[in-house]
Amino acid sequence: MYQTFSPLLDALKQRGADPDAVDRAAAEAERTGRSIRAVLINDHIVTEDQLTEASADAYGIQTLDLVGYPIDPAAITKIPMALVLRHRVLGIALNDHEITVGITDPGDVLALDDVRAATGLTVRPVVVARSELRKIIDRLKREENDLGEVAESLRAEAAPAVSNLTTLNEDAPIVRYVNSLIEQAIVNRASDLHLEPGEHNMRVRYRIDGVLHEVDTVPRHVQSALISRLKIMSNVDITERRVPQNGRITVEINQRAVDLRTATLPTVWGEKIVLRVLDTSGMDLKLAKLGFSKANAERFAASYSKPHGMLLVTGPTGSGKSTTLYATLAEISKPTVNIITVEDPVEYRLPGINQVQVDHKAGLTFAAVLPAILRSDPDVVLIGEIRDRTTAQLAVEAALTGHLVLSTLHTNDAPSAVTRLVEMGIEPFLVGSSVDCVLAQRLARRLCDWCRTEYEPTEAELVGARWPFDLLGPPERLWRPVGCRSCANTGYRGRIALHEVMPVSAEIEKLAIDRASAHEIQAVARREGLIDLRLDGLAKAAEGQTSIPEVVRVAV
């Protein structure tokens, strides 16, 4: 009896499920013809996670968490949708000879045989949770229908009028498809959504934990309607395709408002659009949570605790500069302090802080609004970014006249910020007198706490990573990524900041006045105790927070 179910039943019992309840569920399934899995879940005998793990144990294969997993679009399209819907299977990863397939019942030989026949590839099954698989298949079916309807409507009307696109209701296929893309990006913890036109189709990619993953492709004849819909949502000129434009979208996901910053860019194949997700719901704006080492935290706190001077945060786009500045504002914000910010755009709304949005069309630029801000009796001024000489000059003057000025600058490291301001035309003696501290930072992926594994590093690996033996000593052990359900099989979940904090000492100020190079300033800063980005990263690798390859990837 129950021969069909026996491997699963045995695995469930070994995992601690009530043996009598499991046997009753098997009898019920055999008597009624219902799925044993449905009986076990619906009768609350086991949880879905327990059933997924037991199924994997029964057949000696792995489980996979589909939430946030970067599924290969080529693997999805390899299996015909009719088979996907019939057998509830999903292509997940693909190489030349093998396709990885997500399935809830690895004992379904018929389903695996059909996939093998349809693809001509070796099939490697992994067990996934039924609810996760159902959500993705339902979304794929909905998106396929939506794209089909969009394509059909655009074939019937080669050049849809702008008025048609601006009056679409929420049930229109293009609206549903765009909403689905945005919702999935937010659910998958993506920081950016890229829509990139090509010669034959448009590629859709999400940036998750700093790495881009391709999630979909859109037919070329749908591209124009898709971009137009996003431009309408962003409140930018839908007819202008020759110049870059910036806008903002607010959507409601799971009863919370999420802002997205949009940027269009004309390319040879059409307009590319990038949506930056500004979701503060899971963000803890506390400096103590940003991963500063003890020495760097003390140096940084000494700077923002002063009543005047300039504090600069440097790094490339997407390195967490805004988050650090907002956390710093949250640290110093109090009823007795007047804080005013000028930003382009305002990324996060903060209570108790006066935030000004730059508006270039109205002439409200950084340079135009800064004098007005200084007449508004501020104690602390945040300037979103120092982009030109005029803005830099005003920021320096504000720092020298009794204000604490916080801003960002695009440089590779902290010492380069000093020389960059001089190159922008600021007098060297003013740079030395006004800048109090420079913080450079990068974001590295954080090792998954559930699956990271420790190992003993080889001398060759440490030498290749330029391990600072004189400062950190030889590590007895390090950690490497493995991959599990919690991290979508990537080995990493979330990110950690690497910091380089350089207070401007009297000697560095003298070097600035002498127009010294960034290399000379760096040498002095290191003698004064500067912990550079790579050293901070390797120290965090030694603590098991990240891996050597990640540090090498983001820190020169």
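Remember, it's a predicted structure, so these values are computed and weren't measured experimentally.

Turning next to the pairing of strand S9 (residues 270-278). Both faces of the sheet carry side chains from a regular strand, because those side chains alternate between them. Summarising burial for S9: eight of the nine residues are buried, a large majority. Relative to S9, strand S4 (residues 190-197) runs antiparallel, the two being bridged by four bridges. The residue of S9 that forms the bridge with His-194 is Val-274. In terms of strand pairing, strand S8 (residues 256-267) meets S9 through nine bridges, oriented antiparallel. Each bridged residue has a counterpart across the sheet, and for Pro-266 the counterpart in S9 is Glu-271.

Let us look at the confidence of the model for the protein. Low pLDDT marks stretches whose predicted atomic positions should not be read closely. Scored by pLDDT, the protein has a mean of 84; 92% of the residues are at 70 or more. The secondary-structure element of the protein with the lowest mean pLDDT is helix H9 (residues 162-166), recorded at 48, while strand S10 (residues 309-314) shows the highest, at 96. Segment residues 157-165 is flagged for pLDDT under 50; beyond a separation of four residues in sequence, or across chains, it makes seven contacts in the model.

This brings us to the sheet that holds strand S14 (residues 404-409). Strand pairs in the sheet, formed through backbone hydrogen bonds, run parallel or antiparallel to each other. A sheet is described by the order of its strands in space; here seven strands give the open sequence S12-S11-S13-S14-S10-S15-S18, paired in mixed fashion. Of all the strands in the sheet, the pair left with one neighbour each is strand S12 (354-357) and strand S18 (492-503). Across the sheet, the mean angle from the axis of one strand to that of its neighbour is 20 degrees, orientation sign disregarded. Bridge count between strand S13 (residues 380-383) and S14: four bridges; the pairing is parallel. Pairing of Val-381 across the sheet is with Val-405, part of S14. Contacts from helix H16 (residues 414-423) reach S10, S14, strand S15 (435-447) and S18 within the one sheet, and its direction differs from that of S18 by about 55 degrees.

This next bit is on the pattern of salt bridges. Enumeration according to the criterion identifies 21 salt bridges in this entry. Taking the shortest distance from any N to any O, the salt bridge between Lys-272 and Glu-196 comes out at 2.8 Å. Residue Lys-272 is found in strand S9, and its partner Glu-196 is found in strand S4; the two are separated by 76 residues along the sequence. Like Lys-272, the residue Glu-196 is buried in the burial classification. For the salt bridge of Asp-436 with Lys-306, the shortest nitrogen-to-oxygen distance reads 2.8 Å. Residue Asp-436 is located in strand S15, and its partner Lys-306 is located in the loop between helix H12 (294-304) and S10; the two are separated by 130 residues in the primary sequence. Each of Glu-196, Arg-203, Arg-205 and Lys-272 takes part in one network of salt bridges that share partners.

This next bit is on H16. The buried fraction of H16 amounts to eight of the ten residues, a majority that puts the element mostly inside the structure. Downstream of H16 by one or two residues, Gly-425 has phi in the positive range, about 105 degrees.

Our next topic: the sheet that holds strand S3 (residues 122-127). Pairing within the open sheet is mixed, and its three strands lie in the order S1-S2-S3. Looking along the sheet, the strands with just one partner apiece sit at the ends: strand S1 (90-94) and S3. Here the strands of the sheet are splayed against their neighbours by 35 degrees on average, with no regard to which way each runs.

The next subject is the pairing of strand S11 (residues 339-343). In terms of burial, S11 is a largely internal element, five of the five residues being buried. Of the two faces of S11, the one carrying Ile-339, Thr-341 and Glu-343 and the one carrying Ile-340 and Val-342 are both buried. Relative to S12, S11 runs parallel, the two being bridged by four bridges. Its bridge partner being in S12, Val-342 is matched across the sheet by Val-356.

Turning to helix H2 (residues 19-32), a few remarks are in order. Structural remark: α-helix, 3.6 residues per turn; residues separated by three or four positions point the same way. Under the 1.5 Å per step criterion, the end-to-end length of H2 is 20 Å for 14 residues, consistent within 8% with the ideal 20 Å. For H2, every residue scored as buried is listed here: Ala-21, Val-22, Ala-25, Ala-26 and Ala-29. Down the axis, H2 shows its buried residues gathered within 140 degrees of arc, on one side only. Away from its buried face by more than 90 degrees, H2 exposes Asp-20, Arg-24 and Arg-31. On its buried face, H2 is in contact with helix H1 (6-14) and helix H3 (36-42).

Definitions and cut-offs
- The written sequence of each chain sets the order in which its residues are numbered from 1.
- In view of the model being predicted, local features appear only for residues whose pLDDT reaches at least 70, and side-chain atom pairs are presented and counted only at 80 or more, with totals across whole chains, interfaces and linings using the full set of residues.
- Calculation of side-chain values draws on the structure's entire complement of heavy atoms; hydrogens and water are dropped beforehand.
- Between buried and exposed lies partly exposed: a residue is buried under 20% and exposed over 50% of the maximum accessible area for its type, with that area taken using a 1.4 Å probe on protein chains only.
- Runs of E in the DSSP output that reach at least two residues are strands. Runs of H or I that reach at least four are helices, and both are numbered from the N terminus.
- Only strands that DSSP links by at least two bridges are regarded as paired with each other.
- Each residue carries a pLDDT value, the predictor's own confidence for that position, ranging from 0 to 100.
- Pairs of residues are marked as contacts when any of their non-hydrogen atoms sit within 4.5 Å.
- Think of each axis as a best-fit line through the C-alpha atoms, taken over the contacting stretch in the case of a helix, with angles from 0 to 180 degrees between the N-to-C directions.
- The term salt bridge refers to a side-chain nitrogen of Lys or Arg lying within 4 Å of a carboxyl oxygen of Asp or Glu.
- Expected helix span is given by 1.5 Å per residue-to-residue step, counting one fewer step than there are residues.
- Working note: the arc is built from the helix axis to C-beta atom directions.

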